[in-house]
Amino acid sequence: MLTYSFENIGHEPMYEYMYRHIRQDILEGRIKADEKLPSKRSFARHLGVSLIVVESAYAQLKAEGYLYSVPRSGYFASSFEPVSQRVPSLLLSGLPEKPDETSYFADFVTSAVEPELFPYALWTRVMRNVIATENEKKLLVESPAAGVSKLRVAISEHLRDFRGITVDPERIIVGAGTQFLYNLLVQLLGRDRIYAIEDPGYLRLGRIYEMNDVTLRPITLDENGIGIKALTDSEAHVVHVMPSHQFPTGIVMPITRRYELLEWASQQSDRYIIEDDHDCEFRLIGKPIPTLQSVDTSERVIYINTFSRSLAPTFRISYMILPSPLVQRFQQKLGFYSCSVSNFEQFTLARFIQDGYFERHINRMRSHYRFKRDLLIRELTTTLGSCVKVQRKESGLHFLLHVDTEMSDEYLVSQMKEQGVRISCISEYFHDGARGNSHTIILNYSGVALEAIPAVISAFAEALL
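None of the values given here were measured: they were computed from a predicted structure.

What counts and how
Residues numbered from 1 in each chain as written. Predicted model: local features only at pLDDT ≥ 70, side-chain atom pairs only at ≥ 80, totals over all residues. Heavy atoms only, no water. Helix = DSSP H or I, 4+ residues; strand = E, 2+ residues; numbered from the N terminus. Buried < 20%, exposed > 50% of the residue type's maximum accessible area, 1.4 Å probe, protein only. Areas by Shrake-Rupley, 256 points an atom, 1.4 Å probe, with all protein chains shown as cover. Lys, Arg positive; Asp, Glu negative; His and termini not counted. Charge placed at Lys NZ, Arg CZ, Asp CG, Glu CD. Expected span 1.5 Å × (residues − 1). Arc of directions from axis to C-beta. Contact = heavy atoms within 4.5 Å. Salt bridge = Lys/Arg side-chain N within 4 Å of Asp/Glu carboxyl O. Phe/Tyr/Trp six-rings, centres within 6.5 Å; stacked < 30°, edge-to-face > 60°. Lys NZ or Arg CZ within 6 Å of the ring centre and 35° of its normal. Pairing = 2+ DSSP bridges. Axes fitted to C-alpha atoms, helices over the stretch in contact; angles between N-to-C directions. 1 Å grid on protein atoms, 1.4 Å probe; cavity = no way out; pocket = protein on both sides within 12 Å on 5 of 7 lines; lining within 4 Å. Points joined across faces, edges and corners; volume = space filled by probe spheres on them. Nonpolar A, V, L, I, M, F, W, Y, C, P; charged D, E, K, R; others polar. Core = buried A, V, L, I, M, F, W, Y, C linked by side-chain atoms within 4.5 Å.

> In this structure, what is going on with the overall build of the protein chain? I would like to understand it.
Within the protein chain, the regular secondary structure consists of 16 helices and 16 strands. When its C-alpha atoms are laid out on the principal axes, the protein chain stretches across 90 × 55 × 50 Å. Across the 465 residues in the protein chain, those meeting the buried criterion constitute 50%. For the protein chain, the computed accessible surface area is about 22700 Å², with 51% contributed by carbon and sulfur atoms. Treating the 51 positive side-chain charges of the protein chain as one cloud and the 57 negative ones as another, the clouds have centres 6 Å apart.

> I keep staring at helix H5 (residues 120-133) and nothing clicks. Help me out?
Structural remark: α-helix, 3.6 residues per turn; residues separated by three or four positions point the same way. The terminal C-alpha atoms of H5, which comprises 14 residues, lie 20 Å apart, in line with the 20 Å expected from a rise of 1.5 Å per residue. Of all the positions in H5, only Leu 122, Trp 123, Val 126 and Val 130 are classed as buried. Projected down its long axis, H5 carries its buried residues within an arc of 100 degrees, all on one side. Structural note: H5 exposes Ala 121, Arg 125, Arg 128 and Ala 132 on the side pointing more than 90 degrees away from its buried face. Tucked inside the fold, the buried residues of H5 contact helix H6 (136-140), helix H13 (343-354) and helix H14 (357-384).

> Please explain the pattern of salt bridges as it appears in this structure.
Here the idea is simple: oppositely charged side chains can pair when their charged atoms come close. Scanning all chains against the criterion turns up 17 salt bridges. Between Arg 20 and Glu 12 there is a salt bridge; the shortest N-O distance is 2.8 Å. One salt-bridge network, in which partners are shared between bridges, spans Asp 25, Glu 28 and Arg 30.

> Explanation requested: the packing of aromatic side chains in the structure shown.
Pairs of aromatic rings are described using the distance from one ring centre to the other and the angle between the two planes. Applying the stated rule across the entire model yields 16 aromatic pairs. Pairing Tyr 4 with Phe 43 gives two aromatic rings, centres 6.5 Å apart and planes at 50 degrees, and the pair type is tilted. With Tyr 4 in the segment before helix H1 (14-27) and Phe 43 in helix H2 (residues 40-47), this residue pair connects regions lying 39 residues apart in the sequence. Like Phe 43, Tyr 4 is buried. Following the ring pairs from residue to residue traces out a cluster consisting of Tyr 4, Phe 43, Tyr 58 and Tyr 75. If you follow Arg 300 out to its NZ or CZ, it ends over the ring of Tyr 272, 5.7 Å from the centre.

> I keep staring at the sheet that holds strand E5 (residues 194-199) and nothing clicks. Help me out?
The strands that make up a sheet pair up through hydrogen bonds in the backbone, lying either parallel or antiparallel. Here eight strands make up an open sheet; going across it, the order is E4-E11-E10-E9-E8-E5-E6-E7 and the pairing mixed. Both edges of this open sheet fall to strand E4 (172-175) and strand E7 (225-226), since each of them pairs with a single strand only. When strand E10 (residues 301-306) meets strand E11 (residues 318-321), the two strands line up antiparallel, connected through four bridges. Among the inter-strand pairings, Tyr 303 is bridged to a residue of E11, identified as Ile 321. The sheet contacts of helix H8 (residues 178-189) involve E4, E5, strand E8 (238-241), strand E9 (272-276), E10 and E11, and relative to E10 the element is tilted by about 160 degrees. Its contacts with the sheet put helix H11 (residues 255-266) on strand E6 (215-222), E7, E8, E9 and E10, and the angle it makes with E9 is roughly 140 degrees.

> Just to check I follow, could you spell out empty space enclosed by the protein for this structure?
Gaps left between atoms are located by rolling a probe of water-molecule size over the structure's atoms. Summed over all chains, the structure comprises four cavities of 30 Å³ or more. In this structure, the largest cavity is lined by 11 residues; those nearest its centre are Ser 244, Asp 279, Cys 280, Arg 283 and Ser 395. Residue composition of the lining of the largest cavity, grouped by class: three nonpolar, five polar and three charged.

> For this particular structure, what's the right way to read the pairing of strand E13 (residues 398-403)?
Side chains on a regular strand alternate between the two faces of the sheet. Along E13, five of the six residues are buried, which leaves the element largely enclosed by surrounding structure. As judged from the four bridges shared by strand E12 (residues 388-391) and E13, these two strands associate in the antiparallel manner. Each bridged residue has a counterpart across the sheet, and for Gln 391 the counterpart in E13 is Leu 400. In textbook terms, the turn of a hairpin is the stretch between consecutive antiparallel strands, and for E12 and E13 this stretch comprises six residues, one of which, Arg 392, has a positive phi near 55 degrees.

> Hey, could you run me through the sheet that holds strand E16 (residues 440-444) in this one?
Spatial strand order, E12-E13-E16-E15: four strands in an open sheet with antiparallel pairing. Every interior strand has two partners, whereas the edge strands, E12 and strand E15 (424-425), have only one. Of the pairings in the sheet, the one linking E13 to E16 comprises five bridges and is antiparallel in character. Bridge assignment links Phe 399 to a residue of E16, and that residue is Leu 443.

> Which parts of the structure should I look at to understand the nonpolar core?
Note on soluble globular proteins: their nonpolar side chains tend to be buried together. If you look at the biggest cluster of nonpolar residues, it comprises 70 residues, and the most contacted ones within it are Phe 108, Phe 307, Phe 460 and Leu 464. Considering every element that reaches this core, the biggest residue donor is H14, with nine residues. Beyond its immediate stretch of four places on either side in the chain, Phe 108 contacts Leu 376, Val 421, Arg 422, Ile 423, Ile 442, Leu 443, Asn 444, Tyr 445, Val 448 and Val 456. Grouped together as the second largest cluster of nonpolar side chains are 28 residues, Leu 184, Leu 185, Leu 189 and Tyr 209 included.

> Which parts of the structure should I look at to understand the pairing of E10?
Of all six residues in E10, six are buried; the element is thus mostly enclosed. Summarising the sheet, E9 and E10 pair through four bridges and their orientation is parallel. Bridge pairing links Ile 274 to Ile 302 in E10.

Set out below in structure tokens:
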């Protein structure tokens, strides 16, 4: 008869211990298919345990399909291929290779925030205050698809004060990150539409659209941004742009091109512009660039922004503003969703904005980033001289560094990698793959520590001089 020792059971319930060992014996073939197991009473007497322990173990094994019962005959083992014979089919050879796990002391590719810059203590205090004072039902009730009203009102007030956008909170939709909102927009506007994106551009954006099975048209940029003639020729219905600080080129779309783009959208009733206001809080020289949305009179612009850049990349709260005609469509088509951001975080962020903490945090971050950018540029140009030229430094948290070299972009990236510095070049951001040698490095400096800058300069000197 089957025998199991309960000496080393620890704190595990006896029936779970017994269930686990019988299951393992079945999977590994020690209990053969269709083999009859001992009756519950005799098995309990043999093991010196209560009848209920055996009954519970058998019941769980039957519920999961490891045993089957025959009336008046007892319990039998189900047919399973032994684990030792199944292992080859479970090998991980088909999994993709692991991503680059190289340890960098400076990463100019990944969007990050230095940990000490996040206001942990302040955020914790605000969250505790929300839990203590907010209506409990509002905290625990299912959030509507657009997000809680209090946060949408706070965002509306922030946009009015900071971006010159006057918007009804009912037009604001909150979601867990811009990637989630991109997917929502495809569902809202339709997969039968043609979507245009900037080229070079944010590669993950293109992949998101492709995974939604839409027709995708990358449109080449000129010195003013996306080309209107190429956009018209593409027959696109929707265009996704970053007019205030395009990634990766850093182009700021001039007002003439913005009006041309709005004119393109107004020519057909099914055309829309998705305005991704990338890095808008961090224009470090002059006033923020006015948004397309703020000059749109035809209600063709869908505005998207996120708190991931201003607070932290893992802070997955973003929002979009829908034109009035799309608000009702959203409620009809997508109103069955629950908001993908927890109520606790929504109420905390609303309080964080309305109490003035967010504005003060942005001002502090802007000063820090301006100092870091200026230090990095000064050290690069002083050390490398005419070998480099800084471009597009006015806006956002990245700038371009054009390098006078005969090295290929790929080799330049690998040389810096050997020095412990991660970089990327503009040539890597074309949607049809790496295109030529741009000799132009994208330096996304937000997550690089100030104390790492001297070593960064030394690494560039080692690679380029």
